[in-house]
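A closer look at the structure
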Amino acid sequence: MMDIDSQTDMELSGDPQMLPPTPGTFVDREELIQHVGEFAVSQGYVVTIKQSKKDKVVVLGCDRGGVYRDRRKSKDQSYGEPSRKRKIGSRLTNCPFECVGKKDDGLWVLILKNGTHNHEPIKDISEHPAARRFSEKEVLLIKEMTEAGLKPRQILKRLKQNNPELLSTPKHVYNIKAKLRQGNTTVRMFKSLKPEKCAARKSHLSNTEPSWRQCYPQRISNLIGGRFVDSESFASIDVINPATQQVISQVSLTTNEEFRAAVFAAKRAFPSWKNTPLNIRQRIMFRLQELIERDLDKLAMTISTEHGKPLKYACDDVVGEFVSNSSDGVDSYSTTEPLGVCAGICSFDFPAMIPLWMFSISVMCGNTYILKPSEKDPGAAMLLAELAVEAGLPSGVLNIVHGTNDIINSICDDNDVKAVSFVGPKTAAVYVHTRASATGKRVLLFSKCNVGGKHHAVIMHDASMDTTVGTLVAAGFGCAGQKCVAICTVIFVGNSTLWVDKLVEHAKALRVTAGTEPCADVGPLISKQAQERMCRLIQTAVEAGARLVLDGRNTMVHGYEQGNFIGPTILTGVTTEMECYKEELHGPVLLCMQVDSLEKAIEIINQNKHGQAASIFTTSAMAARKFQTDIEVGQIGINVPASASFPYSSLMTLRPNFSSDLSDDGKTWVEFYTKTKRVRRQWGDLQIQSEGTSSHVMDAFC
């Protein structure tokens, strides 16, 4: 039989099942505390904050779990005094367990000081005082009843009518009231204390809008490690509705520490996401596609409000297609593996489509991703991030940061980032390519999307006038010309007078107004700077000899007088030497040229170093065949505008603006986001018994 002393020694030595949490590094203080707390509950003990300096250190200890210190004196020490009954509120017995979280270079590091305990594991964790927490709904009820003049006991009585299992005491109500007086309405969610209630709380939290949506103007937060985190930066950029000039949100510029935390979160999530079976990754992406379709109207309204494009075009901005990749296994074969942490830098022209092009394929290939949306219209990317989290994308797989030059430099310079995708102006693309390549990164430049790309349309004399003119008007003026495949230059083979008159007639019929208006055909430009630039280019073209047959510079929209509007504009007599032809327009302007032959039209297009797409409108199969054969661009349309290639297409760019690791479209997207390994294998033991056999085997492997 075990004696009392040996039993006491075993109790003090601690139960071997109560393991300490594994030391590690965490994105922020809350994640560290949550990690230690959830691990502790799984082992049968509860941690509590013993000491905290919010931005520097937090000391976590063990809450004994309701086992109180025996303060009564023994009979031989009481000197005949009557024994005193233990008070219910006596202090808990101290446990030697202690771990410390310290902030080091932007990340929180967990250090274990003492992993032992002097008590047994808690059998029923729900009996622990830490389980006596109020839900968020109950805290709000306490606030309302306090304002109505009810006392703590009265409040508790009413709360127990709705929740008979409530374990809280009037003292807990007093503590909540004290926090409310300080303006603190947050609730500590011990979600792992009661598993049966955890699911309901998690569901409730998932339906709660993130903090960045709960203020006006909304302050756009970062997405780091699966959580929307408000930036500590005081610097921000206003997101302005281009139709009203109203500030609709503010983009907090991500600090360097926050960026490093995002990289760390992505790097930490990579091993488990890389090993996640492909069918599970596919399932999450298909779930994301369903959620995008569910919230399509919400996404379109956000895009229209921030970017200005009409709702009908905003819906087209949202893409829901995803790519899968697989490999086979033979005696001699190749396998593909993800790279690691990848990053994407987006432009403003397609606020939803470009982020989806970037991160969806990358994470499908098994990478983790850091996305930097445009600071001019980040709302759609944030909505997509919320849907990705709801779809089940694990924490850290997708992270979002915000900023301008500094954050772009950080992405290019960070050694943990293995690949960078970029959409933006040509000068910026050259800079990103040079800087990122210097650190050994793969660089993917979307050469057609806003990197100086030109889309020409050749109109033959035999083309169907009504159909062709309608197509030109839609492709040239849709989205106010602010899209990578907008037709900006029209080359007429033969007399163009009737064509131009018809173009002007159709263009005048377009309705110019805010993109959120259902009747809108042409919305505002993204910014005042873009509006001023377009007006300057139009004016220089007129001064250089072009004829302005339709002027949209003085367009006024009732109710949106402060908007960045330029109506459809048509210039004729344009030459290849004019500035308006050499520069990318990115506005609702059509440049019209006239040539004598198809050969001359093809020559003009091939000589333009920015030519990335071209279309021909004709009823002649011979002319179409010649155009298709002789033209030197990668995107060709025949009686339709050439469109941007999707990630799942097999089109290739023939004329990149400058060096890039791969073209920005087709199946090579998968190649960009993966690395290839060549494997040769043979099963079975090789028995080498003679020199001849040895030579035969050596020959097989040489």
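The structure we're discussing is the one just above.
Overview of the structure. Please read all numbers here as calculations on a predicted model, not as lab measurements. (Residues numbered from 1 in each chain as written. Predicted model: local features only at pLDDT ≥ 70, side-chain atom pairs only at ≥ 80, totals over all residues. Heavy atoms only, no water.)

Time to look at the overall build of the protein. Scanning the protein from terminus to terminus reveals 22 helices and 24 strands. Each of the 702 residues in the protein was classed as buried or not, and the buried ones make up 50%. If you take every contact in the protein between residues at least 6 apart in sequence, the share linking residues at least 24 apart comes to 71%. Of the roughly 34,500 Å² of accessible surface on the protein, a fraction of 50% belongs to carbon and sulfur atoms. (Helix = DSSP H or I, 4+ residues; strand = E, 2+ residues; numbered from the N terminus. Buried < 20%, exposed > 50% of the residue type's maximum accessible area, 1.4 Å probe, protein only. Contact = heavy atoms within 4.5 Å. Areas by Shrake-Rupley, 256 points an atom, 1.4 Å probe, with all protein chains shown as cover.)

On to helix α13 (residues 405-413). Among all positions of α13, only I407, I408, N409, S410, I411 and C412 are buried. Each element contacted by the buried residues of α13 is listed here: α7 (256-274), β12 (341-345), β13 (368-372), β15 (417-422) and α14 (426-438).

What follows deals with the pattern of salt bridges. As a working rule, side chains carrying opposite charge can pair if their charged atoms are close by. One pass over the structure, following the stated rule, counts 18 salt bridges. The salt bridge involving E98 is made with K50; its shortest N-O contact spans 2.9 Å. Of this pair, E98 sits in strand β4 (residues 98-104) while K50 is found in strand β2 (residues 46-53), placing the two residues 48 residues apart along the sequence. Using a relative accessible area of 23% as the deciding quantity, one classes E98 as partly exposed. A relative accessible area of 47% means that K50 is categorised as partly exposed. A salt bridge links R553 to D551; the shortest N-O distance between them is 3.0 Å. Residue class for D551 comes out partly exposed when judged on its relative accessible area of 35%. Linked by salt bridges that have partners in common, R294, D295 and E390 make up one network. (Salt bridge = Lys/Arg side-chain N within 4 Å of Asp/Glu carboxyl O.)

Its place among the elements puts T555 in the loop between β19 (547-550) and β20 (569-572). When its relative accessible area of 24% is taken as the criterion, T555 is described as partly exposed. Each C-alpha atom, one on T555 and one on F565, is 6.4 Å from the other, the two residues being 10 residues apart in sequence.

Turning our eyes to something else, we now look at the packing of aromatic side chains. According to the stated counting rule, one finds 4 aromatic pairs in the structure shown. Measuring from ring centre to ring centre gives 5.0 Å for F672 and Y673, while their planes differ by 75 degrees; the resulting arrangement is edge-to-face. (Phe/Tyr/Trp six-rings, centres within 6.5 Å; stacked < 30°, edge-to-face > 60°.)

As for its placement among the helices and strands, M556 is situated in the loop between β19 and β20. Among the residues examined, M556 registers a relative accessible area of 61% and is labelled exposed. Considered as a pair, M556 and T513 are 43 residues apart in the sequence and their alpha carbons are 8.9 Å apart.

Let us look at the sheet that holds strand β6 (residues 218-220). Read across the open sheet, the 3 strands follow the order β6-β10-β9; overall the sheet is mixed. With one partner strand each, in any of the chains shown, β6 and β9 (236-240) form the two edges of the open sheet. Averaged over all neighbouring strand pairs, the angle between strand axes comes to 30 degrees, with direction disregarded. Where β9 meets strand β10 (residues 247-252), 5 bridges bridge the pair, whose relative direction is antiparallel. Paired with I240 across the two strands is V247, which belongs to β10. (Pairing = 2+ DSSP bridges. Axes fitted to C-alpha atoms, helices over the stretch in contact; angles between N-to-C directions.)

In this section: the state of the cysteines. A complete count under the given rule lists 0 disulfides for this structure. You can see C365 has no disulfide; the closest cysteine sulfur is in C342, sitting 8.7 Å from it. Its relative accessible area of 9% is what places C365 among the buried residues. (Disulfide = S-S within 2.5 Å.)

Turning to the packing of helix α8 (residues 278-294) against helix α11 (residues 353-364), a few remarks are in order. Packing of α8 against α11 brings their axes to within 9 Å, and their N-to-C directions diverge by 155 degrees. Overall, the two elements α8 and α11 adopt an arrangement that is roughly antiparallel. Facing α8, whose interface residues are L278, R281, Q282, M285, L288 and I292, α11 presents L356, F359, S360, V363 and M364. (Parallel < 35°, antiparallel > 145°, perpendicular 65-115°, else oblique.)

On to the sheet that holds β4, then. One open sheet accounts for 5 strands, arranged β1-β5-β4-β3-β2; its pairing is antiparallel. Each edge of the open sheet carries a strand with a single partner, namely β1 (25-26) and β2. The pairing of β4 with strand β5 (residues 107-114) spans 7 bridges and is antiparallel. Bridge pairing in β5 links V100 to I111.

In globular proteins that are soluble, nonpolar side chains generally tend to be buried together. In terms of nonpolar packing, the biggest core is built from 65 residues, with V458, L503, V574 and F627 touching the most fellow members. At 6 residues, the largest contribution of residues to this core is made by strand β21 (residues 589-595). Setting aside its immediate chain neighbours within four residues, F627 contacts V458, L598, I602, I605, A614, S615, I616 and I636. Membership of the second largest hydrophobic core comes to 56 residues, among which are L291, L371, V397 and F672. (Core = buried A, V, L, I, M, F, W, Y, C linked by side-chain atoms within 4.5 Å.)

This brings us to the pairing of β5. As paired elements, β1 and β5 share 2 bridges and run antiparallel to each other. Counted as the bridge partner of T25 is V109 from β5. The hairpin turn running from β4 into β5, its antiparallel successor, is 2 residues long, and D105 in that turn takes a positive phi close to 55 degrees.

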